[in-house]
Amino acid sequence: MEETRKLASSIHPGSGAWDVIIVGSGAAGGMAAFQLATAGVKVLLLEAGRMIDGQKEYRTMEWPYASLRRGRLPEGERPIAVAEYNMYDRPYGNHPEFAPYKKLMSYAGSTFTRNWVVNEKEHPTTGTPFAWVRARILGGKTNFWGRGALRYGPLEFKAASHDGYDVDWPISYEDVKPYYDRVDELLGCSGTKEGLMQVPDGIFQRPSKLNCVEVHFKRAIAKLDRHYIPGRAGVTTDGVLSKYRARCMGRGRCGRGCDLNASFHSPTALIYPARDSGHLTVRPQSIVSEVLFDEATNKAAGVRVIDGVSRDVMDFKARVVILGAGALESTRILLNSRSRRYPNGLGNSSGVLGCYLSEHLMGIGGSGYIPIRKGTAPTLDDGRPVAPYVPRFRNLTDRHPRFIRGYHFQGGGGCAEYPAMAHEIEGFGSAFKEQVREWYPAPISLGGFGEVLPRKENRVLLDPEVKDAWGIPVLRFDYRFGDNEMKMVEDMAEQIEEMLTVAGAENIQVRREPLPPGWSIHEIGTARMGEDPKTSVTDKFCRLHDVSNVYLADAAPFVSGGTQNTTWSILAMCWRTMDFLKEEMKRGDI
């Protein structure tokens, strides 16, 4: 914290001159900063939280016995449980159940992330239930992300042409493919070439391997004409040209933060190299409340910042403003940037800012035991950055009678560090231990990710009364799963049961209830791109239609999202947007 305070207090509106202000330091803000600073553009990067020292805070190799509380949070801290998201009114922090706790976190709060994720009592939301995971720390959620590095393909960019619902993106996969390739090469992506149109191949480094249970499952579901492939991970397994990162050593526990930085983390992969250029200034504890607007020029003049500690209010100025705070937070800033010309928020002359919120539906899955592995010798199966993957198989070349779009499954089996299946085995003593050892190599479990259709009525707006701890209006959610998603849920449950049955699994358990909205941490939309300013917020280069020097670098402009995890697409799209911006700046058009 001392470094953060010194750094923040040394940077103020008069301490430098910057060409571009970037808000947020996660995947989007980090990539924007890297692309611009290494090109010689003077950049001010504003992070709402503090700096991070990964070597101290990434507790990758900590053993369970080293935890003073055996993994439990300290007294006075608590995450919201899954059932409580739908059970309690919002703001969650106001509920009497949580009154004894000083810090209330989203479900993602754990002994490893508790100092990174926000306190819901300081960062409330209102409206419909939504498990919004936020991190205020340099690098944001990339410090503990799931590492899934899947590309969107033609089915995502031209989804409407495929099934007639909503609209296509104004760009194609071919427009973004070169940037996916560059992201793969810059950051490192582990995977295998499969030649599947529903999940395009990339430029891969050494893949992880399927273990014995998974090879059996792969062969079994091939009879259903379905694929089961090694997971694609935003992790360098062969190494990249970076003094801050080493290659993966296959240790697992990646969600705690990787102290080798083999996993992509925005600070070591993007921000530190950008800072080494001498063109990047990072200011922590900088909470951006709004984009400043100049009525005379119809352009943004900079941003208003509230210091997270002193609460001083400062106006930073620059020629260009880039919002990369995450889809929902960036949209919140725009909605709060009200002026005489744009009384409903900057960039909102179309009236669709905040609309078309989408993500992935999760919770449906299944598990079982592969009997041929019962009683075999244990193997080292859990040192992988991501689990294997069953790519989408619905609505590819045919059309399902009950729903459009699709879903995929992620998950694997074999011996894990901790035999969680022991909790399902009855008994005690030596007989119990023998049972645990016997079944230890045999479990398999998979969970689904289903596409939530982008619908205009699924939206966020500013709450007229509730504000956060810094006096900024909070987001009110109006978001629900629709009929298409619920019909997809039924099919997901049926199909995972069928696949486990075909694989000959025993003791099959199927999870049929979706998790609360927001659980996927894959929010997209709310400032969608398009050719028509009357129906979209940004153009195809993620630039506001209304104000030509404001860009969005995160997933807010995404039109639809398919079933794929979003981070790799955020990185590729951001790179594309920054290339466009650099050309605009070279031409003097901005």
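Our structure's up above, just so we're on the same page.
No experiment lies behind these values; they were computed from the predicted model shown.

What counts, and where the lines are drawn
Residues numbered from 1 in each chain as written. Predicted model: local features only at pLDDT ≥ 70, side-chain atom pairs only at ≥ 80, totals over all residues. Heavy atoms only, no water. Helix = DSSP H or I, 4+ residues; strand = E, 2+ residues; numbered from the N terminus. Rg over C-alpha atoms; globule rule 2.2 N^0.38 Å. Contact = heavy atoms within 4.5 Å. Lys, Arg positive; Asp, Glu negative; His and termini not counted. Charge placed at Lys NZ, Arg CZ, Asp CG, Glu CD. Core = buried A, V, L, I, M, F, W, Y, C linked by side-chain atoms within 4.5 Å. Buried < 20%, exposed > 50% of the residue type's maximum accessible area, 1.4 Å probe, protein only. Pairing = 2+ DSSP bridges. Axes fitted to C-alpha atoms, helices over the stretch in contact; angles between N-to-C directions. Salt bridge = Lys/Arg side-chain N within 4 Å of Asp/Glu carboxyl O. Parallel < 35°, antiparallel > 145°, perpendicular 65-115°, else oblique. Left-handed = near helix turned anticlockwise from the far one by under 90°. Nonpolar A, V, L, I, M, F, W, Y, C, P; charged D, E, K, R; others polar. Phe/Tyr/Trp six-rings, centres within 6.5 Å; stacked < 30°, edge-to-face > 60°. Lys NZ or Arg CZ within 6 Å of the ring centre and 35° of its normal.

Trainee: Just give me the short version of the overall build of the protein chain, but keep the residues and values in it.
Mentor: Along the protein chain, the regular secondary structure elements total 13 helices and 18 strands. Scaling as 2.2 N^0.38, a compact globule of 590 residues should have a C-alpha radius of gyration of about 25 Å, and the protein chain matches this with 23 Å. Long-range pairs, those at least 24 residues apart, make up 73% of the contacts in the protein chain between residues at least 6 apart in sequence. Taken together, the 75 basic and 71 acidic charged side chains of the protein chain have centroids lying 3 Å from each other.

Trainee: Give me the lowdown on the nonpolar core, citing residues and values where you can.
Mentor: Generally speaking, soluble globular proteins have nonpolar side chains that are buried together. Ranked by internal contacts, the top residues of the largest apolar core, which has 141 residues, are F217 and I322. It is helix α13 (residues 567–587) that contributes the most residues to this core, 11 residues altogether. Look past the residues within four positions of I322 in its chain and what remains in contact with it is V20, I21, I22, V23, A32, L36, Y551, A553, M578 and L581. The next biggest cluster of nonpolar side chains, apart from the first, holds 10 residues, and it includes I80, Y85, Y88 and F98.

Trainee: With reference to specific residues and values, describe the sheet that holds strand β11 (residues 360–369).
Mentor: A sheet is described by the order of its strands in space; here 5 strands give the open sequence β12-β13-β14-β11-β17, paired in antiparallel fashion. Looking at which strands have only one partner, the edges of the open sheet turn out to be β12 (389–390) and β17 (506–511). Examined bridge by bridge, β11 and strand β14 (residues 443–451) share 8 bridges and lie antiparallel to one another. Paired with G368 across the bridge in β14 is I444. Its contacts with the sheet put helix α8 (residues 212–221) on β12, β13 (407–413) and β14, and the angle it makes with β14 is roughly 55 degrees. Sitting on the sheet, helix α12 (residues 483–502) touches β11, β12, β13, β14 and β17, and the angle it makes with β11 is about 20 degrees.

Trainee: Give me the lowdown on the sheet that holds strand β18 (residues 550–552), citing residues and values where you can.
Mentor: One open sheet holds the 5 strands; their spatial order is β6-β2-β1-β10-β18, and the pairing between them is parallel. The sheet is open, and its two edges are formed by β6 (280–283) and β18, each paired on a single side. When strand polarity is set aside, the average angle formed by the axes of neighbouring strands in this sheet is 20 degrees. Where strand β1 (residues 20–23) lies against strand β10 (residues 320–323), 4 bridges are found, and the strand directions are parallel. By the bridge assignment for β10, I22 is matched with I322. The strands that α13 touches are β1, β10 and β18; relative to β18, the one it contacts most, it runs at about 160 degrees.

Trainee: Residues and numbers for the pattern of salt bridges, please.
Mentor: Applying the stated criterion to the full structure yields 46 salt bridges. For R476, the salt bridge goes to D463, with nearest N and O atoms at 2.9 Å. Within this pair, whereas R476 is found in strand β16 (residues 473–478), its partner D463 is found in strand β15 (residues 459–467), the two being separated by 13 residues in sequence. Notably, a salt bridge pairs D539 with R543, separated by 3.0 Å at the nearest N-O pair. Judged by its relative accessible area of 13%, D539 falls in the buried class. Where salt bridges share partners, they join R394, R402, E490, D491 and E494 into one cluster.

Trainee: Any chance you could break down helix α10 (residues 327–335) for me, citing the residues and the numbers?
Mentor: Of all the 9 residues making up α10, 9 are buried; the element is thus mostly covered by neighbouring parts of the structure. Of the residues making up α10, those classed as buried are A327, L328, E329, S330, T331, R332, I333, L334 and L335.

Trainee: Please give an account of the packing of helix α7 (residues 173–187) against α13 that cites residues and values.
Mentor: Geometrically, a packed helix pair is captured by the angle between its two axes and the distance between the axes. Relative orientation of the contacting elements α7 and α13 amounts to 110 degrees, with a least axis distance of 8 Å. By the angle class used here, α7 and α13 are roughly perpendicular. Note on packing geometry: the crossing formed by α7 with α13 is right-handed. Mapping the contact onto sequence places D175, V176, Y179, Y180, R182, V183, D184, L186 and L187 in α7 and W568, S569, L571, A572, M573, W575, R576 and D579 in α13. Grouping the constituent residues of the contact of α7 with α13 by class yields 11 nonpolar, 1 polar and 5 charged.

Trainee: Please provide a residue-by-residue account of the packing of aromatic side chains, values included.
Mentor: The full count for this structure, using the stated rule, is 30 aromatic pairs. Ring geometry for F130 and Y479: centres 5.4 Å apart, planes at 85 degrees, overall edge-to-face. Placement of F130 in the loop between β5 (126–127) and α5 (154–157) and of Y479 in the loop between β16 and α12 is noted, with a sequence separation of 349 residues between them. The class for F130 is buried, based on a relative accessible area of 2%. Put simply, the rings of F130, W132, F477, Y479 and F481 pair up and form one aromatic cluster. One cation-aromatic arrangement involves R136 over W470; the distance from NZ or CZ to the ring centre is 5.9 Å.

Trainee: Got a sec to walk through the environment of G148? Specific residues and values, please.
Mentor: Note that G148 resides in the loop between β5 and α5. Each C-alpha atom, one on G148 and one on P385, is 8.6 Å from the other, the two residues being 237 residues apart in sequence.

Trainee: Hey, could you go over the packing of helix α2 (residues 27–37) against α13 for me, with residue numbers and the actual values?
Mentor: α13 packs onto α2 with a crossing angle of 35 degrees between their chain directions and a minimal axis gap of 9 Å. Once α2 is placed against α13, the crossing between them reads as right-handed. Contacts between α2 and α13 pair A27, A28, M31, A32, Q35 and L36 from the former with T567, I570, L571, C574, W575, M578, D579, L581 and K582 from the latter.

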